[in-house]
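Chains, contacts and geometry: an overview
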Amino acid sequence: MVTSKQKDKALLHFLMAKEILESRWGATPQEIAMWVFPGEKLETDSGKKKTVGLDGYFQVRPHERPLKFRFSFSVHRPGLDYLAVTDGLLF
């Protein structure tokens, strides 16, 4: 079931997110994929909390909680096109 907090958050397709991140920070698709790798986490730096990483979602269906994407060891194989894996995600 989707929570009210999740309803307030609109998810963007990778291409739209890429356009926004590219225009604001000059991010490349490779950099975005590396932000997805750890997922969104809170880290403490000198007592201040900051968010690092980016959560990607897949299999988004109406009225259901979207599934968080995670790279796994089965995904890490020689010649894997990790950009193709991330370009179908929503953020």
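Residues numbered from 1 in each chain as written. Predicted model: local features only at pLDDT ≥ 70, side-chain atom pairs only at ≥ 80, totals over all residues. Heavy atoms only, no water.

Notes on the layout of surface pockets
Stated formally: Every definition here rests on a 1 Å grid over the protein atoms only: cavities are sets of points where a 1.4 Å probe fits but cannot get out, pockets are open sets enclosed by protein on both sides within 12 Å along at least five of seven lines, and lining residues have some atom within 4 Å of a point. Grid points are joined across faces, edges and corners, and a volume is the space filled by probe spheres set on the points. Polar here means any residue other than Ala, Val, Leu, Ile, Met, Phe, Trp, Tyr, Cys and Pro, which are nonpolar, and Asp, Glu, Lys and Arg, which are charged; Gly is therefore polar.
Estimates place the volume of the second largest pocket at around 250 Å³. Taken together, Leu12, Ala17, Ile20, Leu21, Arg24, Trp25, Trp35, Gly53, Leu54 and Phe91 make up the full set of residues lining the second largest pocket. Each residue belonging to the lining of the second largest pocket can be placed in one class, and the counts come to eight nonpolar, one polar and one charged.

Some details on the confidence of the model for the protein
Heads up, the condition is: Within a predicted model, pLDDT stands for the predictor's per-residue confidence, ranging from 0 to 100. Runs of E in the DSSP output that reach at least two residues are strands. Runs of H or I that reach at least four are helices, and both are numbered from the N terminus.
The share of residues in the protein with pLDDT of 70 or more is 75%, and the mean pLDDT across the chain is 77. Between the elements of the protein, mean pLDDT differs from a low of 48, seen in helix α1 (residues 4-8), to a high of 92, seen in helix α2 (residues 14-25).

A word on the environment of arginine 70
Where we set the bar: Throughout, a contact is declared for two residues whenever any of their heavy atoms are within 4.5 Å.
Inspection of the secondary structure assignment puts arginine 70 in the loop between β4 (67-68) and α4 (82-86). Separated by 12 residues in the primary sequence, arginine 70 and phenylalanine 58 place their C-alpha atoms 10.0 Å from one another. Once residues lying within four places of it in the same chain are set aside, the contact partners of arginine 70 are Gly39 and Asp55.

Observations regarding the nonpolar core
We count it as follows: For this analysis, a nonpolar core means a set of buried residues of the types Ala, Val, Leu, Ile, Met, Phe, Trp, Tyr and Cys, connected via side-chain atoms within 4.5 Å. When accessible area is computed with a 1.4 Å probe and restricted to protein chains, residues below 20% of their type maximum are described as buried, those above 50% as exposed, and intermediate ones as partly exposed.
Among the nonpolar cores identified, the biggest contains 10 residues, and these are Phe14, Ala17, Leu21, Ala27, Ile32, Val36, Phe69, Phe71, Leu89 and Phe91. The dominant element in this core, judged by the number of residues it contributes, is α2, at three residues. In this structure, leucine 89 is in contact with Leu12, His13, Phe14, Val36, Gly56, Tyr57, Phe58 and Phe69, ignoring residues within four places of it in sequence.

Considerations on α2
The following threshold applies: One less than the residue count of a helix, multiplied by 1.5 Å, gives the span that helix is expected to have. By arc we mean the arc of the directions from the helix axis to the C-beta atoms, nothing more.
Its 12 residues give α2 an end-to-end C-alpha distance of 16 Å, which sits within 8% of 16 Å, the value for a rise of 1.5 Å per residue. Restricting attention to buried positions, one finds in α2 the residues Phe14, Ala17 and Leu21. In an axial view of α2, the angular spread of the buried residues amounts to 65°, which keeps them on one side of the axis. Set apart from the buried face of α2 by more than 90 degrees, the exposed residues are Leu15, Glu19 and Ser23. Buried residues belonging to α2 abut α3 (29-36) and α4.

A word on the side chain of threonine 86
Basically, it comes down to this: Contacts described as polar in this section are N or O atom pairs within 3.5 Å, which, within protein, must combine one atom able to donate a hydrogen with one able to accept it, while residues neighboring in sequence count only if both atoms come from side chains.
With respect to the helices and strands, threonine 86 occurs in helix α4. For threonine 86, a relative accessible area of 0% puts it in the buried group. Of note is the side chain of threonine 86, whose polar atom sits 3.1 Å from the backbone oxygen of leucine 83. Those residues in contact with threonine 86 that sit more than four places away from it in its chain are Phe14, Ala33 and Phe71.

Quick notes on the pattern of salt bridges
The cut-off we apply is this: For this document, the term salt bridge refers to a Lys or Arg side-chain nitrogen within 4 Å of an Asp or Glu carboxyl oxygen.
Evaluation of the coordinates by the stated rule reveals one salt bridge. In this structure, the salt-bridge partner of lysine 68 is aspartate 55, at a minimum N-O distance of 3.3 Å. Of the two residues, lysine 68 is situated in strand β4 and aspartate 55 in the loop between β2 (48-52) and β3 (57-58); the sequence distance between them amounts to 13 residues.

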